[in-house]
Amino acid sequence: MSKTLKITSERVDLGAASALNIQSVTEPFPQHKEPAQASGGAWPLWKKIAFRIAFVFFVAMSLPNNLDWYKEVATFDWLHLHYRDLYDVARFGSGLNFFGNRIFGSTLNGYAVWVITFLFAIVVGLVWTGIATVTKKDRKEYNLLYYWLRVIVRYRAGIGIIGFGFTKLTPTQLPYPSWGVLNTNFGDLTLQKIYWLSIGIVPWYEVFTGVVEVAAGALLFFRATTFWGAVLLFGALADIVYVNFAYDGGVHVYSSYFVLFSAFLLVDYIPKLYNLLILEKPTIPTTYYPTFSEAWQRITRISLKTGTLILFLPVFTYLSVINFLYDPYKQPALKGIPQLRGNYHVTEFRHKGQVIPFSPLDTLRWQQATFEKWTTLTFKVNKPVDLDLSNGGGAPMRDINRTFELTGVAGGQRVFYYEADTVHHVLYLQDKNRGQRQEGREFLGNRTDFGGDGRTNAPGKKKNEKKKEDNWIPKEALAIIGPEAPKIEPIAYSTRRVKGIEAESRPGKRNRMILNYDIQNGGNRVVLTGIDEHKDSIRVVLDRYEKKYALSRSTLEAGKYN
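Residues numbered from 1 in each chain as written. Predicted model: local features only at pLDDT ≥ 70, side-chain atom pairs only at ≥ 80, totals over all residues. Heavy atoms only, no water.

The subject of this paragraph is the pattern of salt bridges. For the structure shown, the criterion picks out 19 salt bridges. Measuring nitrogen to oxygen at the nearest pair gives 3.3 Å for the salt bridge that ties Lys373 to Glu557. Taken together, the residues span a long stretch of sequence, with Lys373 in the loop between strand 5 (368-371) and strand 6 (376-380) and Glu557 in the segment after strand 11 (537-545) at a distance of 184 residues. Accessibility expressed as a relative area gives 23% for Glu557, which makes it partly exposed. Sharing partners across several salt bridges, the network here consists of Glu72, Arg84, Asp85, Asp88 and Arg496. (Salt bridge = Lys/Arg side-chain N within 4 Å of Asp/Glu carboxyl O. Helix = DSSP H or I, 4+ residues; strand = E, 2+ residues; numbered from the N terminus. Buried < 20%, exposed > 50% of the residue type's maximum accessible area, 1.4 Å probe, protein only.)

Let's shift gears to a nonpolar patch on the surface. Together, Leu273, Tyr274, Leu276, Leu277, Ile278 and Leu279 give the surface a local cluster of nonpolar side chains, amounting to about 570 Å² of exposed area. Here Leu277 is to be found in helix 12 (residues 270-278). A residue is classified by how much of its surface remains accessible, and Leu277, at 58% relative accessible area, is exposed. (Patch = residues over 30% accessible without salt bridge, like charges linked within 9 Å, V, L, I, M, F, W, Y side chains within 5 Å. Areas by Shrake-Rupley, 256 points an atom, 1.4 Å probe, with all protein chains shown as cover.)

Let us now look at the packing of aromatic side chains. Overall, the coordinates contain 43 aromatic pairs when judged by the stated rule. Taken together, a centroid distance of 5.8 Å and an interplanar angle of 45° make the contact between Phe51 and Phe55 tilted. Taken as a pair, Phe51 and Phe55 lie in helix 2 (residues 45-62) at a separation of 4 residues, close to a single helical turn. The same class applies to Phe51 as to Phe55, namely buried. (Phe/Tyr/Trp six-rings, centres within 6.5 Å; stacked < 30°, edge-to-face > 60°.)

Given 3.6 residues to a turn, an α-helix orients residues that are three or four positions apart in the same direction. Between its terminal C-alpha atoms helix 6 (residues 143-169) stretches 37 Å, which fits the 39 Å expected from 27 residues at 1.5 Å a residue. Taking burial as the measure, the 27 residues of helix 6 include 22 buried ones, the bulk of the element. (Expected span 1.5 Å × (residues − 1).)

Assignment of secondary structure puts Pro507 in the loop between helix 16 (495-504) and strand 9 (512-520). For Pro507, a relative accessible area of 36% gives the class partly exposed.

Phe58, Leu233, Leu237, Phe258, Phe264 and Phe316 are the most contacted members of the largest nonpolar core, which has 57 residues in total. Looking at which element gives the most residues to this core, the answer is helix 6, with 12 residues. Among all residues touching Phe58, those that are not within four sequence positions of it are Leu149, Val153, Leu260, Phe261 and Phe264. Within the second largest apolar cluster, 25 residues are counted, among which are Tyr344, Val346, Val526 and Leu542. (Core = buried A, V, L, I, M, F, W, Y, C linked by side-chain atoms within 4.5 Å. Contact = heavy atoms within 4.5 Å.)

Here we come to helix 5 (residues 112-134). Taking 1.5 Å of rise per residue, 23 residues should cover 33 Å, and helix 5 covers 33 Å from first to last C-alpha, within 8% of that figure. By the burial criterion, the buried members of helix 5 are Ala112, Val113, Trp114, Ile116, Thr117, Ala121, Gly125, Thr129 and Ala132. Those residues of helix 5 that are buried are in contact with helix 2 and helix 11 (252-267). Positioned one or two residues after helix 5, Lys136 has a phi angle of 55°, which is positive.

Put into structure tokens, the structure is as follows:
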């Protein structure tokens, strides 16, 4: 097929030139060229060396570098998936980390593995060149291998950014702030927290960013739309890289990863764009791809592509929506006691039987208290707490380990998770703040952090290890409270959640309180009596009040708690 192109210069259109000096061009529209025809024949030596280095580097950066990833994927219950299962398929550590994540004693702000991998790629690329030269089997070009390298990079970037994007498309990555966070003084929030909240309070904007990221990933699955997918990915993630540096966000390395991959994909287009946009010359885009002449080749290609599209678009969409509705990432899933919700004045506070009057300087007396819609009690005291600098991410299955409501929050805010014996009206409370132990868990084995073995969701038990007893909650009360896993909506059931809760239920050191609760006047007054974390007796009288926030509630909030 051939077609006459009538291309006029912008200068001519604008009247800057009096004569049309550009000749019409008659060229076929080549969508496909065989290796011998593509890219002008033989490659110069520098291009072949650069390609060899790039090939080793990007393949190493595209593959999971931990055997546990492969084992975990192989053991998924594909009939009862959790959204986090696919997220973990899409997100993994890569690059050469055999010698750790440091070079010259430094992590280079998280980029050390990149540098190590690049140095390794240079060595391999040079050895590859030397062998090809000595054996005199140096190829004229590597168009076919370059094509497959771009396929690897396209799919790695596409799958990865889709996993990232769905946490924004169903806004759970930056959740709407809890009442406890809204009650925190602005100056008591970290930079990262302020940024995350500034996005979380406008969830429809967060959805838009998710649409951009998922669309970029979907476009990368197709050769014809790779350019647009790479442009979207580069623009969106370059902004995120900058934001993470500016706000100490902590995911600068992973976002840089996508900028790097999208930049690599765009390199091939730069000469054509320069020719078209800068030199204003007629430019015909050409795309090289191999011919799949055998039937099995075509069937394999279509099957793999179709499977990828189905798994990472409709299936991922379904799992993400279920997660948003019933098991929100970063936010507790189970609803709290309905009568115990809202903000409370601390009308009376007794410690060891002694009334402690209100004083903003007192280090024992609660200054205010809040029962969230879920199983969290927050109160403020004039005493510093360990500041959790993580982003509240990771993959915790238990509500007690979902800590976005306390990460990056200072000012003496105490956050306790409770389990309620609703028959005897007793709250068993555990401090959700574990301080430094929670930092960086987005990048570590989450199950290791929460008591698992770091490889699977199963508890990490040593041989002949006896199960540790933790009898702080009486068996009678435990029978009333019931197990956590089945309390979720049946549609949100997943094997990962069941195993994860089991793994995270191993005893750990936390501050604990046991408080009887007496609900009066429909919950407008609540009296708490019992022992605090120091095993001292306390009595707290709470009176509910309505607080009008300048920030209106969102129309799009995760979780169902009614």
